[in-house]
Amino acid sequence: MTLNRFYILALLITGVATSAAALSCGLFYSYVWKLIEETLLKERSFVFVVTLLSITLSFALIQYFSTIRTGNSDTHLMLETLHLRNGQLSVKDTVVRTVASTTAISLGGTAGLEGPAIVVGGGIGSTIAKLFHLPPLNQKKMYLAGVAAGISAIFKAPLTAILFAIEIPYKKDVEKDAFAEVAVAASLSYLLAVI
């Protein structure tokens, strides 16, 4: 098996695993939100309690369990990981940041599903790249492929996910070298999400 076959296999695994993980985040969000929505509609003052709980819980998760303790948005974490960590996000940080993000939005925090999708997708891409011992340049591409797969699965919008992943990393440029990887992972993730 050549590097190309390993690389394609890594991309396919990234697309499949990210689709499952991102959709799980979406299901968790829907389930928790349905549980608290009725209570929030009946008792308006409960909104303040739940909002405070969402902020406190997500902050505590990141501060006590994550190695990356910045309170920045998940998109900012994506940029830091890509440019400052060469697309390497640890499994621990992936899990903690995904749980913190999903918990925050599930309890009514002011964020969206793109946060957990970006983190879980990028983390899966990064982990698979490490498992396949890919060179640093390919690790960054796999990270972006995972990000695109996460966005594609959660919003069922593969073209938007592709553009997001290759355009967000730069101010006035695109990551054109990663286009093929991003397109494959986002397309596969989308196909699995709509089945």
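Parameters at a glance
- Residues numbered from 1 in each chain as written.
- Predicted model: local features only at pLDDT ≥ 70, side-chain atom pairs only at ≥ 80, totals over all residues.
- Heavy atoms only, no water.
- Helix = DSSP H or I, 4+ residues; strand = E, 2+ residues; numbered from the N terminus.
- Rg over C-alpha atoms; globule rule 2.2 N^0.38 Å.
- Buried < 20%, exposed > 50% of the residue type's maximum accessible area, 1.4 Å probe, protein only.
- Patch = residues over 30% accessible without salt bridge, like charges linked within 9 Å, V, L, I, M, F, W, Y side chains within 5 Å.
- Areas by Shrake-Rupley, 256 points an atom, 1.4 Å probe, with all protein chains shown as cover.
- Salt bridge = Lys/Arg side-chain N within 4 Å of Asp/Glu carboxyl O.
- Axes fitted to C-alpha atoms, helices over the stretch in contact; angles between N-to-C directions.
- Parallel < 35°, antiparallel > 145°, perpendicular 65-115°, else oblique.
- Contact = heavy atoms within 4.5 Å.
- Nonpolar A, V, L, I, M, F, W, Y, C, P; charged D, E, K, R; others polar.

1. Considerations on the overall build of the protein chain
Helix and strand content of the protein chain: eight helices and zero strands. Along the protein chain, helices and strands appear, N-terminal first, in the series α-α-α-α-α-α-α-α. Expected size for 195 residues packed as a compact globule is a radius of gyration near 16 Å; at 17 Å, the protein chain falls within 12% of this value. Viewed in the frame of its principal axes, the protein chain has a C-alpha envelope of about 60 × 35 × 35 Å. Looking at the protein chain as a whole, 46% of its 195 residues qualify as buried.

2. Describing a nonpolar patch on the surface
Together, Val-16, Leu-192, Val-194 and Ile-195 make up an exposed nonpolar region whose accessible area comes to about 370 Å². Structurally, the position occupied by Ile-195 is in the segment after α8 (179–194).

3. Re the packing of helix α2 (residues 46–65) against helix α4 (residues 91–106)
Viewed as axis vectors pointing N to C, α2 and α4 meet at an angle of 175 degrees, and their least axial separation amounts to 8 Å. The angle between α2 and α4 places the two elements in the roughly antiparallel class. In this structure, α2 contributes Ser-54, Leu-57, Ser-58, Leu-61, Ile-62 and Phe-65 to the contact, and α4 contributes Lys-92, Val-96, Arg-97, Val-99, Ala-100, Thr-103 and Ala-104. Residues that form the contact of α2 with α4 fall into these classes: eight nonpolar, three polar and two charged.

4. Looking at the pattern of salt bridges
For the structure shown, the criterion picks out three salt bridges. Between Glu-80 and Arg-85 there is a salt bridge; the shortest N-O distance is 3.6 Å. Look at Glu-80 and you get buried, because its relative accessible area is 13%. A salt bridge links Lys-141 to Glu-181, with the nearest nitrogen and oxygen atoms 4.0 Å apart. Here Lys-141 is found in helix α6 (residues 136–155), whereas its partner Glu-181 is found in helix α8, with 40 residues between them in sequence. Per residue, the accessibility class of Lys-141 equals that of Glu-181, and both read buried.

Fair warning: the whole summary comes from geometry, so function is off the table for now.
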